[in-house]
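Listed here are the chains, written in short residue letters.
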Amino acid sequence: MSTIAKIKPSHIRADIDKNSFNEKDNTIEVVFATGTPVRRHDWYSGTNYNEVLEISEKAIDFSRLKNGASVLNAHNSYKLESVIGVVVDAWISNSEARAKVRLSEEPEDATIVNKVKKGIIRNISVGYDVLEYTIIDNADEQIPTWTATRWQPMELSFVPVPADPNANVRNQEQDFITAKIVNPINTMEEKQRNQPVTKTQPIAEHTPAKSEVVNVEEIRKSAIADERKRVSDITEACKRAGLPTEIGTKLIAEGKTVDQARAEIIDEVAKRANPAPVSANVQITGEDEADQIRSAIITGIVERANPGSEKDFSQNEKAKLFRNMRLLDLAKDRLRAKGEKFALLSEQEIVKRAFATTDFPDLLSSAFSRSLRRYYDAVVDDWSFIARQETATDFREKTGVKVDGAVTFEEIPEGGEYRESPILQNEKATIKLKKYGRKYSITDIAIINDDLSVFSRLPRIMAIGAQQFQSQAVWDNIISNKNAWDGTALFHTSHKNLATDSGDKKAPEEANLAKARAAMRKQKSPAGNTLNIVPRYLIVPPDLEVTALKLVTAVLANATGSVNVFANAFEVKVINQFTDTKAWYLAADPNEITADGIVYAYLNGQPGLRTESRVNFDTDSLEVKGSMAFATAIWGWQGWFKNPGQ
C-alpha cells in the first residue's frame, strides 16, 4: 500500500564540470545529481531517513530543465534580476545527472559569470521536487533509505557553499509539498527478520512503535490547514496578477505547490505581456533554405517600409509571410529560431537579447542598406557626365598620365623602326582619396515602436546627402574656378579657354558660341599637337535654360525660314548649383577625348556609398554607418571653355 510524506522542496550541492566552459557559446556543463545518500527529515512523521535520488530516465522528469529552466543566484527565485543563466539541455551520463548551462552576457551579471569562467565559483546547487519515494530498511542501518523513484529538477543555482553531496543544505523556509510513499515498511518487523525489503516483497501496514506515537488528528488538522492555505495563496496570487480564476483553479487541481504556482503565474503574465509572434511557419531544411528565409525577412521589412519598392514581392511567398510582422515580432521570431526563451523578458530585454544572440542586427542592417541603395541609385548624378573616373587602390596620392595628342599611325619603311608615341607621367596631376561618412542609430525604442522611418526616411536622407556631397565637390571645381595641376586657374587666358572680348561676353548666341567651339578645336597638347576637341555639352544656369534650348533647336524662333547651324549640336545641361546667372560653359565628353580634364576617384572595389553596422551595447541600438572614399581634381583644361556673360 502507499501513504504520503510531508517534506520540504530539496536542494543538493553539485559540481561544475572541470574544463567544460565553452567560450564560443558561453556554456558550461554541470553534474547536478548522483546516487549518493543524503540525510533528510520527514516532517510528516518526525523521523529521519537517508535520501537517494534514482538516476534513470524513468525516475527523473527533465521537462522543466529542457524547457529552459532558470539558473539563479543562490536560489533567489523571487527576483528576475537573480536569473543569471538558462539550462540548455539535461541528460544522464555515467550514472550522473548532467546539464548544459548558458551563462548570462549582461553587464550586471559579469562579476558572477567571470568567477565561474575563472573557476573561482565551482559549486552549483539543484532545487528539486520528489513525487514518489520507495522505502528500503537495511538491517545494518539505524535509519531507512528513501529512494526517490520519481523526481523533478526545478532550477539550478550558483552557490558559495563548497560541494558536499552528503550534506543537507535546505535551510530556507519554504512551503511543504506532498510525496507519495510506495511500499511503506514496518521497521520493527523487518529488523527482526534481519532482511532488507525490496520493491517486490509484500509489505505489512506500518504500525508506529511506542517511541513514535503520532497524533493522527493533529496531523489531519495540520494537513487541512496547509491545503486551505495553499488554495488561498494560489487564488490570491492569480488575482493580484490579473489572471482569470480558471488558471488558479487549474493550478490547484494539479496539486501545484505555492512556489510552483507562482512560477507558472509569472510565466503566464510574461506571455500575455510579450506574446510570441505569429510564426512564419517556414520549414528550414538546410543552409540554403536559411539564407532564403533571411532574404525573405529583409524583403518583407523593405516592402513594408517602402510599399511597392520590391519588384518581385508579389511572387515571393516567403517574404509575404514576414510582410505584416512588427519589428519587435521579428526580434521574437529570430529568438525563437535560435531556441532562445523570451517569455519572462521585457520588450527592451527582448531587443537586447536579439541584438546579442541572433542575426537580427544583420537583417536590419541589410534592410537599411537595400533601401539606401535604392534611393542612392535613384538620385540623378548631374555631375558624372563632365568628369572621368579614376580608380585608387589606397589612400596615397595617385599620379596621372598624360598622352601627347591622338595616337596616329605612321608608315614604317623596310627595315625601319617604330616610333614611340610620347606618353608621359604627369607628376603634378594628382588625386588623393579622403574618407567621408555619417552615422545613424536604430534604437531599441524605434523597434518597440515599430518606427519604419528608419528604413524609409533615414536611408533617403543619407542617399540624397551622399549624392549632393559628391555633386557639390565636383561642380565646385567649375564654380570656384580651382587651380589645375599647373597651378593656374582652370579657366584662364593662358589656357585659352576663357572669353575675354567684351563683345563676346554675353548670353549664348551663334557668334560667341562659334568662337568658343573654335577655341576648343584649336587646343594643343604639351608637345604642340592639335587635339581637335569637339564640345558636346552646353552647360548653363537655370536663368539661361530657355535661351540655350532655343539656340539648339532645329529652327530659330525669330526666323522660321533660317537654318540653325547649331541645331542638335549640343546637349543642354542645366545646373542648379550655378549661382552666377550669366556665365555659361562648353564641355567635351571626357570619355571621348585624349586630353585630361576633371577627374574623380573611389577606392577600388568600393564605388559610391557603402554601409557598415554594429550593435552599441551602451545605447541598446544598432548603429549604421554610411561612408565613402572619394576625391576630385583638375588634371586638364583643354576640354572646357567658359563665357562669363555680361
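It should be emphasised that the depicted structure is a prediction, and the values quoted were computed from it without experimental measurement. (Residues numbered from 1 in each chain as written. Predicted model: local features only at pLDDT ≥ 70, side-chain atom pairs only at ≥ 80, totals over all residues. Heavy atoms only, no water.)

### Some points on the overall build of the protein
What counts, and what does not: A run of H or I in DSSP counts as a helix once it spans at least four residues, and a run of E counts as a strand once it spans at least two, with each numbered from the N terminus. When a residue's accessible area, from a 1.4 Å probe over protein chains only, is under 20% of the maximum for its type it is buried; when over 50% it is exposed; and in between it is partly exposed. Contact criterion: two residues are considered in contact whenever any of their non-hydrogen atoms come within 4.5 Å of each other.
If you tally the helices and strands in the protein, you get 15 helices and 22 strands. Considering the protein as a whole, with its 646 residues, one finds that 42% of them fall into the buried category. Summarising the internal contacts of the protein: among those between residues at least 6 apart in sequence, 73% fall at separations of at least 24.

### Focus: the packing of aromatic side chains
Our working definition: Any two of the Phe, Tyr and Trp rings considered here, Trp counted by its six-membered ring, make a pair once their centres fall within 6.5 Å; the pair's planes then place it as stacked at under 30 degrees, edge-to-face at over 60, or tilted in between. Only when the NZ of Lys or the CZ of Arg is both within 6 Å of the ring centre and within 35 degrees of the ring normal is a charge said to sit over the ring.
Taken as a whole and judged by the stated rule, the model has 18 aromatic pairs. Here the aromatic rings of F491 and W640 are separated by 6.2 Å at their centres, their planes lie at 80°, and the arrangement is edge-to-face. You can see F491 sitting in the loop between helix 13 (457–479) and helix 14 (510–521) and its partner W640 sitting in strand 22 (residues 640–643), a full 149 residues away along the chain. A relative accessible area of 3% means that F491 is categorised as buried. Looking at R374, its charged tip hangs above the ring of Y375, at a distance of 4.9 Å from the centre. If you follow K573 out to its NZ or CZ, it ends over the ring of F385, 4.7 Å from the centre.

### Notes on the pairing of strand 9 (residues 123–136)
Rules: Strands are labelled as partners when DSSP assigns at least two bridges between them.
Burial analysis of strand 9 places 12 of its 14 residues in the buried class, which makes it a mostly covered element. Summarising the sheet, strand 9 and strand 10 (residues 145–158) pair through 12 bridges and their orientation is antiparallel. Directly across from Y133, in strand 10, lies its bridge partner A148.

### Considering the confidence of the model for the protein
Detailed reading of the predicted coordinates is not advisable wherever pLDDT falls low. As a reminder, the rule being used: A residue's pLDDT is simply how confident the predictor is in it, with values from 0 to 100.
Overall, the predicted model of the protein reaches an average pLDDT of 78, with 77% of residues at or above 70. Low confidence marks residues 184–214, where pLDDT is under 50. Its contacts with residues over four positions away, or in another chain, come to 45 contacts. In the predicted structure, residues 278–287 sits below a pLDDT of 50 and forms 15 contacts with residues beyond four places in sequence or in another chain.

### Quick word on helix 10 (residues 347–357)
Considered for burial, the residues of helix 10 that qualify are I350, V351, A354, F355 and T357. Looking at the buried side of helix 10, the elements it contacts are helix 9 (327–338), helix 11 (360–378), strand 15 (434–443), helix 12 (444–448), strand 20 (610–616) and strand 21 (621–634).

### Some words on the environment of I412
Mapping I412 onto the fold places it in the loop between strand 13 (398–403) and strand 14 (423–431). Look at I412 and you get partly exposed, because its relative accessible area is 30%. Setting aside residues no more than four positions away along its own chain, I412 makes contact with E417 and Y418.

### What to know about the environment of R457
Considering the arrangement of structural elements, one finds R457 in helix 13. Between the C-alpha atoms of R457 and S371, which are 86 residues apart in sequence, the distance is 9.4 Å.

### A short note on helix 14
Rules: What a helix should span is 1.5 Å times the count of its residues minus one. Working definition: the arc comes from the directions between the helix axis and the C-beta atoms, pointing outward to the latter.
Relative to the 16 Å expected for 12 residues at 1.5 Å per residue, helix 14 spans 17 Å between its end C-alpha atoms, a close match to the ideal helical length. Along helix 14, the residues classified as buried are N512, L513, A516 and M520. The buried side chains of helix 14 occupy one side of the element, clustering within an arc of 105° when seen end-on. Where helix 14 is buried, its residues contact strand 16 (537–540), helix 15 (545–551), strand 18 (584–587) and strand 22.

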